[in-house]
Amino acid sequence: MNRLGKKANETLIEMALSADDDIAILTKFKPSSSEGEECNGPETISTAGSEIPSSSEGLNSTETTLLIPEHQVIDKRHQSKDSIFFRDGVRRIDFVLSYVDDLNKEWEKKLERRKEFESNLQKAGLELETEDKKESEDGKIFFVKIHAPWEVLITYAEVLNIKVPIKENDIPPMVENPLDCVLFPLRLPENVMHPEPDYFTAPFSKDKQELFLINDESTFFSPSMRNRIVNYILTRCPYGTEEGKKKFGIKRLLNNGTYTAAYPLHDCQYWKKASDPNCDSERYTLYMEWARFLRFYKEQPLDLIRKYYGEKIGIYFAWLGFYTEMLFLAAVVGLICFLYGLFTMDENMSSKEICDPAIGGEIIMCPLCDRDCEYWRLNTTCESSQYSHLFDNVATLFFAIFMGIWVTLFLEFWKRRQARLKYEWDLVDFEEEQQQLQLRPEYEAKCTQKKRNPVTQEMEPYLPLTSQAVRFCISGATVLFWVSLIIASMIAVIVYRLAVYAAFASLMENTQTLQPISGLLTPQLATSVTASCLNFVIIMILNFFYERIAIWITDMEIPRTHMEYENRLTMKMFLFQFVNYYSSCFYVAFFKGKFVGYPGAYTYMFNRWRNEECDPAGCLIELTTQLTIVMAGKQIWGNIQEAIVPWICNWWGRRKARNNPENLYSRWEQDHDLQTFGPLGLFYEYLEMVIQFGFITLFVASFPLAPLLALMNNILEIRVDSWKLTTQYRRPVAAKAHSIGVWQEILNGMAILSVVTNAFIVAFTSDMIPRLVYYYAYSENEDSPMSGYINNSLSVFQISDFPERNEPKENPENFVICRYRDYRYPPEHEKKYLHTMQFWHILAAKLAFIIIMEHVVFIVKFFVAWMIPDVPADVKAKIKREKYLTQKILHEYELEKLKERLCQGDKGATEKEFIATEGRMELSRAM
């Protein structure tokens, strides 16, 4: 085995700056022509001729694709079409391009672009092999298979700073967890969890190949590394000049229809292993051990996910899995709080008084709408008041405080898990700034003006300040318009609530079939449920359109770097989604029932619709209803979109090919018929989970079961995401990422906001503070302090004081007074209908509670964050050990090279240089 691989001077790929436009292009790949040197596979020739439909004008597809020496000719009929190798069975297919020869007016232009592009790819060192359309299943599609030889891989591995093994890890493994025997049923086989040995790694260098553990050149770089390198070349390869501008990149060629698809291949079919023994069949392993729902209780094979899909997708599933694990604790505590409310339901004095015919049955409530609504008895809300106690009890306060601490634990422990993954996945020194801050090809293409970079002193494109200002103004105005549209739609739903309440009240009063359930399905609840469903439909419609608008305006801004693009799109989408999903919950939690006035002096929206009142048992049950419908509806709809829609699309696309035998349905065609996992695929996955995170943190005081719903959804979500990625989508291009990016900051912001919202929910939406004030200050019964609370919380109104606009049309029982939910003086008092002192006491108690709760939770949060280090101690030790060994190996290598030069009499190698190198090694050891 030759550890040295190819000589460094065999290949040269330079990233040069064009003098006319400063666009980085790939110059010609120059292989050595020395005799006796080993050849890395057959030569390829340009396959442009195969693009012409008429076979009489050039060679046929087999001849134009590849020239193979006589002893390497392979009978195509005996090679499986499910192979991931070229026809020679040796060179691996790293990427596939597809196109259709449609004879329209753009045909010649597309043909020229393809010729130029493929010619430049070959100059860059890539090897191409074309499958004629006659070989495709539908007889219409050409496939261009791309292979990156060793020289290209090692050159770009150095450019991309890819880390590769230099020494086996000699740090002893962690002490076994005593719970391992209990958790054994959750474990996966060791070869699945850790598909590769653990190595110390260092950035690859062509000049120091002997340092690295190169056992086999064909497998030294994993398929994900290979497709990442090829994609890097594809996105920067030029294809000509149009309208005076240099054009480059596969993305533009896909957009203008020159190519129809560009993708790396899956290594096998997901339901069975590949017949080729050289194929690892990692897709099959992922499907069997990870992507099936029956494996929902098993841990995720994160190392295999990272190896197959890359670090960016790996870090997403690591975060989702950790989030789901942490939800288990929140779900258990939330379930206990719910069960407490369930078991104490019969002991709730407020519900007892409302349901008591002698108390609630004798209390006549004022009409809930003008003219058409009638007077009603308080005990008609008996069932709803009992159910309200499930969520509005003492445990609500405990759970709100607990979730404020839980979210801190989640974020801090995730930092530790992320730090461990960064070390294990060789991302500690990952130059994300270098990778992400590279200019976007779209920015370079659209920005015609140039200026000198003060750091590099090179000319680079830039967008003038005036153009930036105009684009930002248009973008900001568009976002503001859509946010205003959300608010307008929410107001429309509120108007719906106000307008249909009277209709529901009349319908339930006059329809005999609804009488048996009238106690459970009150007009308030019916209005709330239907309004929540309507609001959910509006949310999904607005969301559908805004997603496309957000991408359009972000493209219009022409962000300079990939990081800027992702951050801008993330903030636009999150701002919109935040307002879209949470506005209705904010309305019910903080506005409904707070500005209704009192009988005879009600407040009106647009001077027409009377503002809504809360149920006598409080608005918390309505907030719970709203939260449940929107949260559950979003999760159900999201899973339908993610699983069923791609499956239907793939089934429809493969309806003809499914009847063909395997040997006529090639691996590249099978993958071509799958859905595309675009560059924003992970963005939508993160967005979905962050919105869910908001539901279980911002409003969790109103619904302790929200974490349980989220837990069940996430268990399904992990398997749905893994299933669709493994079976329904083309293999994504591998990408690196050492964190979840800007989402971390969004989660931190929502964690802080959740403390405030839950404090306000407990104070202003639930009835906890009024009950506590009554218990300690106004109760007159020492044996049963809460008895009389309902009567105390309802004020008296004299019916004769009703203005004509508010007075009901009928009063068959000739009631004289009615009650309403407020703390105001009775009609016979000198301060008639003004707020009582108890109202101000309760308001002061609410404000004091908010301040105390916020300060207590924030102090605990910051203390917990300070106590938990972001990087585990053992990970710090491993990082230092790896850096030390890497420096030691590199210094020893340089010392040996210097000794060789001295022995050979190299005048450039001086004794002082030798001493300096030895001194640097000693200094490294000391450090």
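Treat the numbers as computed from the prediction; the structure is a model and nothing was measured. (Residues numbered from 1 in each chain as written. Predicted model: local features only at pLDDT ≥ 70, side-chain atom pairs only at ≥ 80, totals over all residues. Heavy atoms only, no water.)

K.L.:
Got a minute to help me understand the overall build of the protein chain in this structure?
P.N.:
What the protein chain contains, in helices and strands, is 29 helices and 20 strands. Taking all 927 residues of the protein chain together, the buried fraction comes to 52%. Contacts spanning at least 24 positions in sequence make up 77% of the contacts within the protein chain whose residues lie at least 6 apart. Total accessible area on the protein chain is roughly 43,500 Å²; 59% of this is exposed by carbon and sulfur atoms. (Helix = DSSP H or I, 4+ residues; strand = E, 2+ residues; numbered from the N terminus. Buried < 20%, exposed > 50% of the residue type's maximum accessible area, 1.4 Å probe, protein only. Contact = heavy atoms within 4.5 Å. Areas by Shrake-Rupley, 256 points an atom, 1.4 Å probe, with all protein chains shown as cover.)

K.L.:
Please clarify how the nonpolar core should be interpreted in this entry.
P.N.:
When a protein is soluble and globular, its nonpolar side chains tend to lie buried together. Counting residues in hydrophobic clusters, the biggest one holds 138 residues, and the most contacted among them are Trp319, Tyr323, Trp406, Phe410, Tyr582 and Phe695. It is helix H11 (residues 311–343) that provides the largest number of residues to this core, a total of 16 residues. Tyr99, Leu126, Ile214 and Phe220 belong to the second-largest nonpolar core, a separate cluster that totals 46 residues. (Core = buried A, V, L, I, M, F, W, Y, C linked by side-chain atoms within 4.5 Å.)

K.L.:
Just checking my understanding: could you explain the UniProt feature "coiled-coil region" (unreviewed entry) in the protein chain for this structure?
P.N.:
Here, UniProt's "coiled-coil region" (unreviewed entry) annotation points to residues 100–134. Its end C-alpha atoms 12 Å apart, residues 100–134 is made of 49% helix and 17% strand. (UniProt positions renumbered as here; feature names shortened; annotations may be inferred.)

K.L.:
In this structure, what is going on with the packing of aromatic side chains? I would like to understand it.
P.N.:
How two aromatic rings sit relative to each other is given by the distance of their centres and the angle of their planes. Counted according to the given criterion, the structure contains 59 aromatic pairs. Ring centres of Phe398 and Phe402 lie 6.4 Å apart, and the angle between their planes is 25 degrees; this geometry places the pair in the stacked category. Pair noted here: Phe398 and Phe402 are both in helix H14 (residues 394–424), with a separation of 4 residues, about one helical turn. On the basis of an interplanar angle of 40 degrees and a centroid distance of 5.8 Å, the ring pair of Phe410 and Phe693 is categorised as tilted. Of this pair, Phe410 sits in helix H14 while Phe693 sits in helix H22 (residues 681–698), and the two are 283 residues apart along the sequence. For Phe693, a relative accessible area of 0% gives the class buried. Between the NZ or CZ atom of Arg805 and the centre of the ring of Tyr604, over which it lies, the distance is 3.7 Å. (Phe/Tyr/Trp six-rings, centres within 6.5 Å; stacked < 30°, edge-to-face > 60°. Lys NZ or Arg CZ within 6 Å of the ring centre and 35° of its normal.)

K.L.:
Please clarify how the confidence of the model for the protein chain should be interpreted in this entry.
P.N.:
Caution applies to low-pLDDT parts of the model: their predicted coordinates are not meant to be read in detail. Chain-level statistics for the protein chain give a pLDDT mean of 80 and a share of 83% at 70 or above. Least confident of the elements in the protein chain is helix H1 (residues 61–65), whose mean pLDDT is 33; most confident is strand E10 (residues 261–263), at 95. In this model residues 1–78 is a low-confidence stretch, pLDDT under 50, and it forms 151 contacts with partners more than four residues away in sequence or in other chains. (pLDDT = per-residue confidence, 0-100.)

K.L.:
Can you walk me through the environment of Ile889 in this structure?
P.N.:
Take Ile889: it is sitting in helix H28 (residues 873–903). Residues Ile889 and Leu211, 678 residues apart in the sequence, show an inter-C-alpha distance of 7.9 Å. Among all residues touching Ile889, those that are not within four sequence positions of it are Ile166, Lys167 and Leu211.

K.L.:
Just to check I follow, could you spell out the state of the cysteines for this structure?
P.N.:
Evaluation of the coordinates by the stated rule reveals 3 disulfides. A sulfur-sulfur separation of 1.8 Å characterises the disulfide bridge that pairs Cys355 with Cys382. Taking the sign of the torsion about the S-S bond as the criterion, the disulfide between Cys355 and Cys382, at about 100 degrees, is right-handed. With Cys355 in helix H12 (residues 349–355) and Cys382 in helix H13 (residues 382–391), this residue pair connects regions lying 27 residues apart in the sequence. When its relative accessible area of 14% is taken as the criterion, Cys382 is described as buried. Paired by a disulfide, Cys369 and Cys373 hold their sulfur atoms 1.6 Å apart. (Disulfide = S-S within 2.5 Å.)

K.L.:
Could you clarify how one ought to interpret the pattern of salt bridges in this entry?
P.N.:
For side chains of opposite charge, pairing can occur when their charged atoms come near one another. Under the counting rule described, the total for this entry stands at 33 salt bridges. A salt bridge links Glu311 to Lys736; the shortest N-O distance between them is 3.3 Å. Of this pair, Glu311 sits in helix H11 while Lys736 sits in the loop between helix H23 (706–728) and helix H24 (743–765), placing them 425 residues apart in sequence. Via salt bridges that share partners, Arg87, Glu129, Glu131 and Lys145 belong to a single interconnected network. (Salt bridge = Lys/Arg side-chain N within 4 Å of Asp/Glu carboxyl O.)

K.L.:
Please explain the sheet that holds strand E4 (residues 127–131) as it appears in this structure.
P.N.:
Strand pairing in a sheet takes place through backbone hydrogen bonds and is either antiparallel or parallel in direction. Strand order in the open sheet made by the 4 strands is E4-E5-E3-E10, with antiparallel pairing throughout. Each edge of the open sheet is held by one strand with a lone partner, namely E4 and E10. Each adjacent strand pair in this sheet contributes to an overall mean axis angle of 20 degrees, direction not counted. Sheet topology note: the strand E3 (residues 95–100)/strand E5 (residues 141–147) ladder contains 6 bridges and is antiparallel. When the bridges of E5 are listed, Val100 appears paired with Ile141. Here helix H7 (residues 223–234) sits on the sheet in contact with E3 and E5, set at roughly 45 degrees to E3. (Pairing = 2+ DSSP bridges. Axes fitted to C-alpha atoms, helices over the stretch in contact; angles between N-to-C directions.)

K.L.:
Can you help me understand the side chain of Lys298 in this one?
P.N.:
As for its placement among the helices and strands, Lys298 is situated in the loop between helix H9 (282–289) and helix H10 (302–309). Of the side chains with opposite charge, Glu289 lies nearest to the buried Lys298, which makes no salt bridge, at 6.6 Å. Polar contacts involving the side chain of Lys298 include one to the main-chain carbonyl oxygen of Pro185, which spans 2.8 Å. Discounting residues that sit within four places of it in the chain, Lys298 has contacts with Pro185, Leu186, Arg187, Leu188 and Arg719. (Lys, Arg positive; Asp, Glu negative; His and termini not counted. Polar contact = N/O pair within 3.5 Å; in protein donor to acceptor, adjacent residues only side chain to side chain.)

K.L.:
What is the right way to look at helix H25 (residues 768–778) in this model?
P.N.:
Residues that lie three or four places apart on an α-helix share one face, since the helix turns once every 3.6 residues. Of all the residues in H25, the buried ones are Met768, Ile769, Pro770, Arg771, Val773 and Tyr774. In this structure, the buried residues of H25 make contact with H12, H14, H24, helix H26 (789–793) and helix H27 (837–867).

K.L.:
I'm lost on the pairing of E4 in this one. Help?
P.N.:
Side-chain direction in a regular strand flips from residue to residue, so the side chains alternate between the two faces of the sheet. The buried fraction of E4 is high, at 5 of 5 residues. Both faces of E4 are covered, namely the face carrying Glu127, Glu129 and Glu131 and the face carrying Leu128 and Thr130. Direction of pairing for E4 relative to E5: antiparallel, over a ladder of 5 bridges. Note on E5: the bridge partner recorded for Leu128 is Ile146.

K.L.:
Just checking my understanding: could you explain the packing of helix H19 (residues 562–590) against H22 for this structure?
P.N.:
Two numbers describe a pair of packed helices, the interaxial angle and the distance between the axes. It is the contact of H19 with H22, at a shortest axis distance of 11 Å, that shows an interaxial angle of 35 degrees. Seen along the crossing, H19 lies across H22 with a hand that is right-handed. Within the contact between the two elements, H19 uses Leu569, Thr570, Met573, Phe574, Gln577, Phe578, Tyr581, Tyr582 and Cys585 and H22 uses Phe683, Tyr684, Leu687, Val690, Ile691, Gly694, Phe695 and Leu698. For the contact of H19 with H22, the per-class residue count stands at 14 nonpolar, 3 polar and no charged. (Left-handed = near helix turned anticlockwise from the far one by under 90°. Nonpolar A, V, L, I, M, F, W, Y, C, P; charged D, E, K, R; others polar.)

K.L.:
Help me understand the packing of H13 against helix H20 (residues 620–653) in this model?
P.N.:
Their axes nearest at 9 Å, the elements H13 and H20 cross at an angle of 70 degrees. Between H13 and H20, the interaxial angle falls into the category roughly perpendicular. Two secondary-structure elements touch here, H13 through Tyr387, Ser388 and Phe391 and H20 through Leu620, Ile621 and Thr624. Partitioned by chemical class, the residues of the contact of H13 with H20 number 4 nonpolar, 2 polar and no charged. (Parallel < 35°, antiparallel > 145°, perpendicular 65-115°, else oblique.)

K.L.:
Sorry if this is basic, but what is going on with the side chain of Glu131 here?
P.N.:
Locating Glu131 in the fold gives a position in strand E4. At a separation of 2.9 Å, a polar atom in the side chain of Glu131 contacts the side chain of Arg87. Within the structure, the side chain of Glu131 is placed 2.8 Å from the side chain of Lys145, a separation counted as a polar contact.

K.L.:
How should the environment of Ala632 be read in this particular structure?
P.N.:
As for its placement among the helices and strands, Ala632 is situated in helix H20. The spatial distance from the C-alpha of Ala632 to the C-alpha of Ala710 is 8.8 Å, given a sequence separation of 78 residues.

K.L.:
Please clarify how unusual backbone geometry should be interpreted in this entry.
P.N.:
A positive phi angle, close to 60 degrees, is found at Asn161, a residue other than glycine. Structurally, Asn161 can be placed in the loop between helix H3 (150–159) and strand E6 (163–168). Using a relative accessible area of 29% as the deciding quantity, one classes Asn161 as partly exposed.

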